[in-house]
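Below, each chain spelled out in residue letters.
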Amino acid sequence: MNKRRAFTLIELMVVILILGILAALILPQVIGRQDQAKVGAAKRDLATLSDEISQFRLDCDRYPSTEEGLNSLMVQPNDAPGWHGPYSRKAIPNDPWGHPYVYQYPGPGGNDSFLLASYGKDGVEGGEGDNADLVDGQE
């Protein structure tokens, strides 16, 4: 007297329909949040790198040159006797889209400033939305 109870085709179709509707409602929100999270991560990285560059300046009485770049936060440059790094506990990251952060000295404000930027998702200067530039610097 073993009776097997199984799902009917209609019950399975209803479940699949419900799952499809849920996926259609939730998936766009999750995808949009991923881009927002990358922008937030890039802003945090820029702020951290900016603080590390400022610490380099306090120790060495100058900003790293454009040629030395962000690598000078990890490896002592030849003409930086006051260097007390490394200023970062981990390797200098790329931005969340896989592009290196852009560093330039002097920055737009002259010798007392530097430019630190991520060119966004497209990795090209300029743009809007996800491709917009994110800039942090000492001006």
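Definitions and cut-offs
Residues numbered from 1 in each chain as written. Predicted model: local features only at pLDDT ≥ 70, side-chain atom pairs only at ≥ 80, totals over all residues. Heavy atoms only, no water. Helix = DSSP H or I, 4+ residues; strand = E, 2+ residues; numbered from the N terminus. Rg over C-alpha atoms; globule rule 2.2 N^0.38 Å. Buried < 20%, exposed > 50% of the residue type's maximum accessible area, 1.4 Å probe, protein only. Contact = heavy atoms within 4.5 Å. Areas by Shrake-Rupley, 256 points an atom, 1.4 Å probe, with all protein chains shown as cover. pLDDT = per-residue confidence, 0-100. Polar contact = N/O pair within 3.5 Å; in protein donor to acceptor, adjacent residues only side chain to side chain. Core = buried A, V, L, I, M, F, W, Y, C linked by side-chain atoms within 4.5 Å. Patch = residues over 30% accessible without salt bridge, like charges linked within 9 Å, V, L, I, M, F, W, Y side chains within 5 Å. Salt bridge = Lys/Arg side-chain N within 4 Å of Asp/Glu carboxyl O.

Some remarks on the overall build of the protein chain
Across its full length, the protein chain carries one helix and three strands. Shown N-terminal to C-terminal, the secondary structure of the protein chain runs as helices and strands in the order α-β-β-β. A compact globule built from 139 residues should have a C-alpha radius of gyration of about 14 Å, whereas the protein chain, at 25 Å, is more than 25% larger. Judged by the C-alpha coordinates and their principal axes, the protein chain covers about 90 × 35 × 20 Å. Counting over 139 residues, the protein chain shows a buried share of 27%. Of all intrachain contacts in the protein chain linking residues separated by at least 6 positions in sequence, the fraction that spans at least 24 positions is 43%. Looking at the protein chain as shown, the accessible area adds up to about 9700 Å², and 56% of this sits on carbon and sulfur atoms.

Section: the confidence of the model for the protein chain
Averaged over all residues, the pLDDT of the protein chain equals 87, while 94% of them reach at least 70. The least confident element of the protein chain is strand 3 (residues 134-136), whose mean pLDDT is 86; the most confident is strand 1 (residues 102-104), at 94.

Describing the environment of Asp-51
Relative to the elements of secondary structure, Asp-51 occurs in helix 1 (residues 9-60). Of the residues examined, Asp-51 reaches a relative accessible area of 55% and is grouped as exposed.

Quick word on the environment of Asn-131
Inspection of the secondary structure assignment puts Asn-131 in the loop between strand 2 (115-118) and strand 3. Since its relative accessible area comes to 27%, Asn-131 is described here as partly exposed. It is 6.9 Å that separates the C-alpha atoms of Asn-131 and Tyr-119, two residues lying 12 residues apart in sequence. Apart from the residues lying within four places of it in its own chain, the contact partners of Asn-131 are Tyr-119, Gly-120, Lys-121, Asp-122, Val-124 and Gly-126. In this structure the side chain of Asn-131 is engaged in a polar contact, spanning 3.2 Å, whose partner is the backbone nitrogen of Asp-122.

Regarding the nonpolar core
Residues Ile-53, Phe-56, Leu-70, Leu-73, Tyr-101, Tyr-103 and Leu-116 are the most contacted members of the largest nonpolar core, which totals 18 residues. Considering every element that reaches this core, the biggest residue donor is helix 1, with six residues. Here Leu-116 is in contact with Leu-46, Leu-49, Ser-50, Ile-53, Leu-70, Tyr-101, Val-102, Tyr-103, Leu-134, Val-135 and Asp-136, once residues within four sequence places are set aside.

Description of a nonpolar patch on the surface
A cluster of nonpolar side chains, Ile-10, Val-14, Val-15, Leu-17, Ile-18, Leu-19, Ile-21, Leu-22, Leu-25, Ile-26 and Val-30, forms an exposed patch at the surface whose accessible area comes to about 1100 Å². Following the sequence through the fold, Leu-17 ends up in helix 1. According to the relative accessible area criterion, Leu-17 is exposed, its value standing at 54%.

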